[in-house]
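# Structural features, examined
Here's the letter readout for the chains.
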Amino acid sequence: MTVKDEPGFRDSVDLMFSRAVRLMDLSPGLEQKIRVCNSTYTVRFGVRLRGKIETFTGYRSVHSEHMEPVKGGIRFALSVSQDEVEALAALMTYKCALVETPFGGSKGGLCINPRDWDEHELEQITRRFAYELIKRDLIHPAQNVPAPDMGTGEREMAWIADQYARMNTTDINAKACVTGKPPHAGGIQGRVEATGRGVQFALREFFRHPDDVSRARLAGGLEGKRIIVQGFGNVGYHAAKFLSEEDGALITAIIEHDGALVDPRGLNVEEVKQWVLRQGGVKGFPGATFVAEGSRVLEYECDILIPAAMEGVLHKGNAAAVKAPLIIEAANGPTTFGADEILRQKGCVIIPDLYANAGGVTVSYFEWVKNLSHIRFGRMQRRAEEARSRLLVEELERLSADKGLGWTMARDFKDKFLTGSDELALVRSGLDDTMRTAYQSMREIWRGRDEVEDLRTSAYIVAIDRVAKTYRSKGL
Ligand code: GLU
């Protein structure tokens, strides 16, 4: 989708990296070590399907092993190429460093249109791809832990986990070989919606800083803000749902592959989702204006634009026309380097991908820890926590009765206070904490150093500095 005179995705990430390191004090050797992609494994394998042998091409790229395991999703899409997985693997390195998940960066992809195959065929293809990676330790609980990405989800992760378990029958940590599994197969509550939830937490944190909000020529909170969401897959859907249902924002447009829906009063996200599930696209959704050339809607008036599909949708060809004063990159690499320059000059604030969509890998980290500890979060503490709260409530009630004070606690308060945290509550709390902390580390540099103009550069500086420290402490 990028225009022709622009660098490719890998080069675009590289240029963003270079912009940040120019403001850092890194030795050229270390800079180069961090910049390069350590290795990319390409596999071509055959699967007998529909009476003939089909050959597929897949990749697993490892950008940086300064920490292991390395982490990053596996994408099933026709766009998959070596350039793409390497760019995405690099972004994983910086993303993990920024949100302090103790992983290096990796990414995988299979060049396939998942819609071309039925479920059984996809299982055969996924297992075969996983087999190729597992036998080379490119899927391994201690070395390389994939997760879902575009075109894959819980189902594929469950197949991969099972494939690994079959090939490593005595590995007690087998389940930790991949994250994003369904909860019944070793997954964790809250992983499916984690990236969308992270986008919501990121925006909430941004809006806690009125100074930052005014840099984007906005004011107030999320309530009533007009949001355009591009891409209505797992990430776009959940972000739109949470922001409209819980923060009072208006989803004024949803851009999908077959066109866009526009409604200045705000779309009902759940109704649109049900429509898309039934009809396969947004076209025909009642009560909203349909725009066939969906990409045009990226240029509509709004307060916040959320590109949540894939790389390169904001490019030199359309950046100048984009009116959103605030962009939050729920996808990886939605803004090319050229578009980033144009948008920055226009005064647009961009909350960058390596921060904005880090909710997924953050909850993946929790899942991996859960798998290694072999116990659900909250199992030991939850009832003890409830018992202590109950003790306090009962004592206050006793005191009130004794002294004839007539205090009564609001029912709602009492219910909430007496409920210990279950796994989902803990996952949300951990994610919220991660998003707040990471924002503050970026913000410190963005607002504290005059030469750092934007959040993306500050995010890269924080991340690269942490990777550099790890390398240095290893003696490099
Ligand atoms: N594919 C997601 C990403 O791009 C998640 C990665 C993970 O959970 O390891 O961040």
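Scroll up to find the structure this text is about.
Since the model is a prediction, treat every value here as computed from it, not as a measurement.

## Digging into the site of the ligand
If you check the shell around the ligand, you find 14 residues, and the closest are K71, K95, P148, D149 and S364. Residue K71 places a side-chain N or O atom 2.8 Å away from an oxygen atom belonging to the ligand. Backbone polar atom of P148 to a nitrogen atom of the ligand: 2.9 Å apart, as the coordinates give it. Protein coverage of the free-state accessible area of the ligand, which is 300 Å², stands at 95%. The dominant element in the shell around the ligand, judged by the number of residues it contributes, is helix α12 (residues 359-373), at three residues.

## A word on the environment of A219
Tracing the backbone through its elements, the reader meets A219 in the loop between α7 (210-215) and β7 (226-230). Along the chain, A219 and R208 lie 11 residues apart, while their C-alpha atoms are 11 Å from each other. Apart from the residues within four sequence positions on either side, A219 is in contact with V213 and K225.

## Some remarks on the pairing of β7
For β7, a buried count of four out of five residues is recorded, marking the element as mostly surrounded by other parts of the structure. By the bridge criterion, five bridges tie β7 to strand β8 (residues 250-256) in an arrangement that is parallel. Counted as the bridge partner of I228 is A253 from β8. With respect to chirality, the unit in which β7 leads through helix α8 (residues 234-247) into the neighbouring parallel β8 is right-handed. Note: β7 against strand β11 (residues 304-307), four bridges, orientation parallel. The residue of β11 that forms the bridge with I227 is I304.

## Comments concerning the sheet that holds β11
Taken together, the seven strands give an open sheet; going across it, the order is β10-β9-β8-β7-β11-β12-β13, and neighbouring strands pair in mixed fashion. The open sheet terminates on both sides in strands that have one partner only, identified here as β10 (289-291) and β13 (349-351). Sheet twist, expressed as the mean angle between neighbouring strand axes with direction ignored, is 20°. In terms of strand pairing, strand β9 (residues 259-262) meets β10 through three bridges, oriented antiparallel.

## Points about unusual backbone geometry
Between E68 and the following residue, P69, the backbone shows a cis peptide bond with an omega angle of 5°. In this structure, P69 sits in the loop between β2 (52-64) and β3 (70-71). Even without a glycine there, the phi angle at E100 is positive, about 55°. Position of E100 among the secondary structure elements: in the loop between α3 (82-98) and β5 (104-111).

## Description of the packing of aromatic side chains
Here the structure, examined in full by the defined rule, presents 14 aromatic pairs. Pairing F206 with Y439 gives two aromatic rings, centres 6.2 Å apart and planes at 90°, and the pair type is edge-to-face. With F206 in helix α6 (residues 194-207) and Y439 in helix α15 (residues 423-448), the pair connects residues that are 233 residues apart, well separated along the chain. Look at Y439 and you get buried, because its relative accessible area is 0%. Each ring, one from F413 and one from F417, has its centre 5.4 Å from the other, and the planes form 15°; the classification is stacked. Of the two residues, F413 and F417 both sit in helix α14 (residues 411-417), four residues apart, roughly one turn of that helix. Look at F413 and you get partly exposed, because its relative accessible area is 45%.

Cut-off values and rules
Residues numbered from 1 in each chain as written. Predicted model: local features only at pLDDT ≥ 70, side-chain atom pairs only at ≥ 80, totals over all residues. Heavy atoms only, no water. Near = heavy atom within 4 Å. Polar contact = N/O pair within 3.5 Å; in protein donor to acceptor, adjacent residues only side chain to side chain. Areas by Shrake-Rupley, 256 points an atom, 1.4 Å probe, with all protein chains shown as cover. Helix = DSSP H or I, 4+ residues; strand = E, 2+ residues; numbered from the N terminus. Contact = heavy atoms within 4.5 Å. Buried < 20%, exposed > 50% of the residue type's maximum accessible area, 1.4 Å probe, protein only. Pairing = 2+ DSSP bridges. Right-handed = clockwise from strand over helix to strand, strands pointing away. Axes fitted to C-alpha atoms, helices over the stretch in contact; angles between N-to-C directions. Phe/Tyr/Trp six-rings, centres within 6.5 Å; stacked < 30°, edge-to-face > 60°.

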